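# Remarks on the overall topology
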Amino acid sequence: RERESMVSADLLIKAAAAYLKAGEDKKGEALLRKAAVLAPDGPRPYQMLATLVYGPRQDIANITGTISEGVKNGAPAFDLYLALAEATQKAGALEETKKALTRAKEGLRTGSEDGQQPLRRYYLLAETAQRLGFRDEATAALLQALAFRSSSTETLLRLANLYFQDGNFARAAYYFRSYIEINPGAAAAFYHLGVAEERQYRFAAAEAAYKQAVELAPEVQGYRQGYEALKRKVAENRKSEG
């Protein structure tokens, strides 16, 4: 019977998704409510209700009530709080969005057996926070992931790229260098390190990084163009100073 309930709930969810895609949110809402009754500890009905039904309606009461119901019924709290963040952002309640991201972060468990799942959750939290416009929360999530596993090259690269996108080139360069120490054959990391150094007017460091990128990946024209452009800039500066 449990298996039958799960299959029925899955079918209801698929039907609800079709109704929502067709713009018939009332029918989709009703089916998602039935799915939640059949599989009360599954996150998907609550997530879809919050983000696809109540979020666009800006119905804060039903958003928060639905998520609370899911948590009470044993659905994964982390997944539901991310849905709460997304739904409240759609509803324009940005303070509630920030609180939801904080609750998601607080709900992370770091004791899984393989050590990988917590990292994936930190990444998901960071991606969600960044997508919703909360870049400080995205950075904090990645820093927590790095504290959990300091040798994670993926975390180092994500941090470097996030700081780079935010224009914090000093921090970006730091994390690109940290990544390169573990993965010295990463031509792209050397290239972006060069860009970050150049944006800080650290031309000697930028030139060294560009040169390494070109040596590692001579077929990539963009790396060579960046290297040659910097050399011309340095030469012109020396000429003007002379």
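Details of the structure are given in the entry above.
First, a word on what this report is: a plain description of the structure on this page. Predicted model, so just to flag it, every value in this text is computed and none were measured. (Residues numbered from 1 in each chain as written. Predicted model: local features only at pLDDT ≥ 70, side-chain atom pairs only at ≥ 80, totals over all residues. Heavy atoms only, no water.)

### Structural notes on the overall build of the chain
Scanning the chain for helices and strands turns up 13 helices and zero strands. Of the regular secondary structure in the chain, the N- to C-terminal order runs α-α-α-α-α-α-α-α-α-α-α-α-α. Relative to a compact globule of 242 residues, whose C-alpha radius of gyration would be 18 Å, the chain shows 24 Å and is clearly more extended. Overall size of the chain, expressed as C-alpha extent along the three principal axes, is 80 × 40 × 35 Å. By the burial criterion, 41% of the 242 residues in the chain qualify as buried. Element-wise, carbon and sulfur atoms account for 49% of the exposed surface of the chain, whose accessible area totals about 13100 Å². Treating the 34 positive side-chain charges of the chain as one cloud and the 30 negative ones as another, the clouds have centres 1 Å apart. (Helix = DSSP H or I, 4+ residues; strand = E, 2+ residues; numbered from the N terminus. Rg over C-alpha atoms; globule rule 2.2 N^0.38 Å. Buried < 20%, exposed > 50% of the residue type's maximum accessible area, 1.4 Å probe, protein only. Areas by Shrake-Rupley, 256 points an atom, 1.4 Å probe, with all protein chains shown as cover. Lys, Arg positive; Asp, Glu negative; His and termini not counted. Charge placed at Lys NZ, Arg CZ, Asp CG, Glu CD.)

### What about empty space enclosed by the protein?
Using a probe with the size of a water molecule, rolled over the atoms, empty space left in the structure can be pinpointed. One pass over the full model with this rule turns up one cavity of 30 Å³ or more. In this structure, the largest cavity encloses a volume near 40 Å³. Forming the boundary of the largest cavity are Leu 101, Thr 102, Lys 105, Leu 125, Ala 129, Glu 137 and Ala 140. Among the secondary structure elements, those contributing two or more residues to the lining of the largest cavity are α6 (94-106), α7 (117-131) and α8 (135-148). The element best represented in the lining of the largest cavity is α6, accounting for three residues. (1 Å grid on protein atoms, 1.4 Å probe; cavity = no way out; pocket = protein on both sides within 12 Å on 5 of 7 lines; lining within 4 Å. Points joined across faces, edges and corners; volume = space filled by probe spheres on them.)

### Things to note about the nonpolar core
Membership of the largest hydrophobic core comes to 75 residues, with the highest contact counts inside it found for Leu 32 and Leu 125. With eight residues, the single largest contributor to this core is helix α5 (residues 77-90). When near neighbours in sequence (up to four residues on either side) are disregarded, Leu 32 contacts Ile 13, Ala 16, Leu 20, Pro 45, Met 48, Leu 49 and Val 53. (Core = buried A, V, L, I, M, F, W, Y, C linked by side-chain atoms within 4.5 Å. Contact = heavy atoms within 4.5 Å.)

### Some words on the side chain of Thr 88
When you line up the elements, Thr 88 lands in helix α5. Within the structure, Thr 88 has its side chain in polar contact with the backbone oxygen of Ala 85 (distance 3.1 Å). Beyond its immediate chain neighbours, meaning those up to four positions away, Thr 88 contacts Ile 60, Ile 63, Ala 93, Glu 96 and Thr 97. (Polar contact = N/O pair within 3.5 Å; in protein donor to acceptor, adjacent residues only side chain to side chain.)

### Regarding the packing of aromatic side chains
Going through the model one piece at a time under the given rule, you end up with seven aromatic pairs. Taken together, a centroid distance of 6.1 Å and an interplanar angle of 85° make the contact between Tyr 201 and Phe 203 edge-to-face. Here Tyr 201 falls in the exposed class, since its relative accessible area comes to 66%. Ring pairs connect the aromatic residues Tyr 163, Tyr 174 and Tyr 175, which therefore count as one cluster. (Phe/Tyr/Trp six-rings, centres within 6.5 Å; stacked < 30°, edge-to-face > 60°.)

### A closer look at the environment of Thr 155
Position of Thr 155 among the secondary structure elements: in helix α9 (residues 153-165). With ten residues separating them along the chain, Thr 155 and Ala 145 place their C-alpha atoms 6.8 Å apart. With residues up to four places along the chain from it excluded, the contact list for Thr 155 reads Leu 119, Tyr 123, Leu 142, Ala 145 and Leu 146.

### Quick notes on the layout of surface pockets
What the largest pocket holds in volume is close to 160 Å³. In this structure, the largest pocket is lined by Gln 47, Thr 51, Leu 52, Asp 79, Leu 82, Ala 83, Glu 86, Leu 124, Thr 128 and Arg 131. Those elements giving two or more residues to the lining of the largest pocket turn out to be α3 (44-57), α5 and α7. Considering every element that reaches the lining of the largest pocket, the biggest residue donor is α5, with four residues.

### Points about the environment of Gly 107
Residue placement: Gly 107 occurs in the loop between α6 and α7. For the pair Gly 107 and Ala 35, spaced 72 residues apart in the sequence, the C-alpha separation amounts to 25 Å.

### Comments concerning the packing of helix α10 (residues 169-182) against helix α11 (residues 187-199)
At a closest axis distance of 9 Å, the pairing of α10 and α11 adopts a crossing angle of 150°. Our classification of the angle between α10 and α11 gives roughly antiparallel. Where α10 crosses over α11, the two elements pack in a sense that is left-handed. Facing Phe 169, Ala 173, Phe 176, Arg 177, Tyr 179 and Ile 180 of α10, the residues of α11 in contact are Ala 189, Phe 190, His 192, Leu 193, Ala 196, Glu 197 and Arg 199. Class assignment for the residues of the contact of α10 with α11 results in nine nonpolar, one polar and three charged. (Axes fitted to C-alpha atoms, helices over the stretch in contact; angles between N-to-C directions. Parallel < 35°, antiparallel > 145°, perpendicular 65-115°, else oblique. Left-handed = near helix turned anticlockwise from the far one by under 90°. Nonpolar A, V, L, I, M, F, W, Y, C, P; charged D, E, K, R; others polar.)

Taken by themselves, the reported measurements are silent on function.
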